[in-house]
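# Secondary and tertiary structure notes
Now for the letters of each chain:
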Amino acid sequence: MSVMVARKKVVRKWEKLPGRNTFCCDGRIMMARQKGIFYLTLFLILGTCALFFAFECRYLAVQLSPAIPVFAAVLFLFAMATLLRTSFSDPGVIPRALPDEAAFIEMEIEATNGTVPQGQRPPPRIKNFQINNQIVKLKYCYTCKIFRPPRASHCSICDNCVERFDHHCPWVGNCVGKRNYRYFYLFILSLSLLTIYIFTFNIVYVALKSLKIGFLNTLKETPGTYPSMSLTVLTVLEVLICFFTLWSVVGLTGFHTFLVALNQTTNEDIKGSWTGKNRVQNPYSHGNIVKNCCEVLCGPLPPSVLDRRGILQQEESTAQEPCPRGPSAAEPTGGQAQESRAQQKGANPPHPNAVPAPPLSAAEMSEEKQQTPGELLVPSQDSGQAEQ
């Protein structure tokens, strides 16, 4: 016969978080589930830089200056650090309302709007909030059951409300919001500089080689370790990657520099929140480019409100086999258990207050002979009281 034992299993909060996110390293890393393009980003950066460091850097360090590979390495490490920081962090996800909180909000909405006649559309769930003497509308999220804070929006890909939502970037594999926007901007800025740097010195490398041995001989030149592949073919491949990357990355950096200077998000710019027909002034802008840049890039970073590694304890029942015992391990119940323990302690003297049993009559003696060996002859006082 098995025994059910209750054990407590430690469960982290990230295991129970809703939304479409992927967690690694026990909740320390948080990303979107669609990470295919993020791996392509890593491949392009690592591949291009590996070719540049393996071939062109050695020649340029000898012919021009050893500072060329050093500066390239600094740009590469900074770009990779900001990329991983953007991809592996919480962008500012807002927790969903608990069932009690959601029910309370629904009651408030019904009390405010009243009963809606059948066939009529209910009014939008909006709250007005004043920021810098300007009214800002807080919209209700039907998925998270909350009124979203100012500048927050619900990401349809990650299925989460993100504070100061900018956009969902598949190239970094994560949303870009309040907690990782500065790292995203520093990533595209450093990547732009790195792309321009590699593109420029690839051209310089081909030019220096052409001045010494001619352009055609440069195209035919092959390194010793790769006899079947022209060294210049690899250089041309790097130039093509940098050329097509240059326009997109540099253009994206310029666009976000414009947004930082205005203290505006991509989501607000696409929707025309502050430049539409109403011509509403941006309440978050300080009217100064330096102040806006300092707030966006140098302001205090808020902590994550998800508490991903917080502990939730859940009880888990497990079955265990009893310890093996002999045939006499069956324990009697009730008064039999007390009397059996008394028989095992037969050498012990009786209790001073115990009442002696009366002598048996002839009829009781005849009944005693008919009893089975397992039956008890004289009931104790304790068992009699238990029966009463």
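Residues numbered from 1 in each chain as written. Predicted model: local features only at pLDDT ≥ 70, side-chain atom pairs only at ≥ 80, totals over all residues. Heavy atoms only, no water.

What counts is decided by this rule: UniProt positions are given in the numbering used here, feature names are shortened, and annotations may be inferred rather than shown by experiment.
Going by what an unreviewed UniProt entry lists, the protein is known as Palmitoyltransferase and is assigned to Psilopogon haemacephalus. Under the UniProt heading Catalytic activity (unreviewed entry), the note attached to the protein is "L-cysteinyl-[protein] + hexadecanoyl-CoA = S-hexadecanoyl-L-cysteinyl-[protein] + CoA".

## Thoughts on the UniProt feature "transmembrane region" (unreviewed entry) in the protein
What counts is decided by this rule: Secondary structure is summarised from DSSP: a helix means a run of H or I of at least four residues, a strand means a run of E of at least two, and numbering begins at the N terminus for each.
Per the UniProt record, the feature "transmembrane region" (unreviewed entry) sits at residues 37–55, 67–84, 183–208 and 228–250. With 100% helix and 0% strand, residues 37–55 has its two end C-alpha atoms placed 27 Å apart.

## Looking at the packing of aromatic side chains
Quick note on the threshold: Any two rings among Phe, Tyr and Trp, with Trp reduced to its six-membered ring, count as a pair given centres within 6.5 Å; such a pair is stacked if its planes are under 30 degrees apart, edge-to-face if over 60, and tilted if neither. Burial classes: relative accessible area under 20% of the type maximum marks a residue as buried, over 50% as exposed, and values in between as partly exposed (1.4 Å probe, protein chains only). Only lysine NZ and arginine CZ atoms are considered, and such an atom sits over a ring when it is within 6 Å of the ring centre and within 35 degrees of the ring normal.
Applying the stated criterion to the full structure yields eleven aromatic pairs. Ring plane angle 55 degrees and centroid distance 5.8 Å describe the contact between Phe 38 and Tyr 39, whose orientation is recorded as tilted. We classify Phe 38 as buried; its relative accessible area is 2%. The partly exposed category is assigned to Tyr 39, whose relative accessible area is 47%. Centre to centre, the rings of Phe 38 and Phe 88 are 6.2 Å apart; their planes meet at 65 degrees, and the pair counts as edge-to-face. You can see Phe 38 sitting in helix 1 (residues 36–63) and its partner Phe 88 sitting in the loop between helix 2 (67–87) and strand 4 (93–94), a full 50 residues away along the chain. Through a chain of ring-to-ring contacts, three or more aromatic side chains come together here, namely Phe 38, Tyr 39 and Phe 88. Above the plane of the ring of Tyr 140 lies Arg 125, whose end atom (NZ or CZ) is 5.0 Å from the centre.

## Let's talk about the pattern of salt bridges
Quick reminder of the rule: The working definition used for a salt bridge is a side-chain nitrogen of Lys or Arg within 4 Å of a carboxyl oxygen of Asp or Glu.
Taken as a whole and judged by the stated rule, the model has seven salt bridges. Note that Asp 307 and Lys 13 form a salt bridge whose closest N and O atoms lie 3.2 Å from each other. Placement of the pair is Asp 307 in the loop between helix 8 (289–298) and strand 12 (311–320) and Lys 13 in the loop between strand 1 (3–12) and strand 2 (21–24), with a sequence separation of 294 residues. The class of Asp 307 is partly exposed, set by a relative accessible area of 41%. According to the relative accessible area criterion, Lys 13 is partly exposed, its value standing at 29%. Measuring nitrogen to oxygen at the nearest pair gives 3.1 Å for the salt bridge that ties Asp 159 to Arg 96. Here Asp 159 is found in the loop between strand 8 (153–155) and strand 9 (160–162), whereas its partner Arg 96 is found in the loop between strand 4 and helix 3 (99–113), with 63 residues between them in sequence. Overall, the relative accessible area of 19% leaves Asp 159 in the buried class.

## Quick look at the nonpolar core
Convention followed: Note on terminology: a nonpolar core comprises buried Ala, Val, Leu, Ile, Met, Phe, Trp, Tyr and Cys residues joined through side-chain atoms within 4.5 Å. Contacts were defined at the residue level, with two residues in contact if any of their heavy atoms lie within 4.5 Å.
One finds Ile 45, Phe 52, Leu 60, Leu 83 and Phe 187 to be the most contacted residues of the largest nonpolar core, which totals 36 residues. Secondary structure elements with two or more residues in this core: strand 3 (29–32), helix 1, helix 2, helix 4 (181–213) and helix 6 (231–262). Among the elements that make up this core, the one with the highest residue count is helix 4 (twelve residues). Those residues in contact with Leu 60 that sit more than four places away from it in its chain are Phe 52, Ser 65, Ile 68, Phe 201, Val 204, Tyr 205 and Leu 208.

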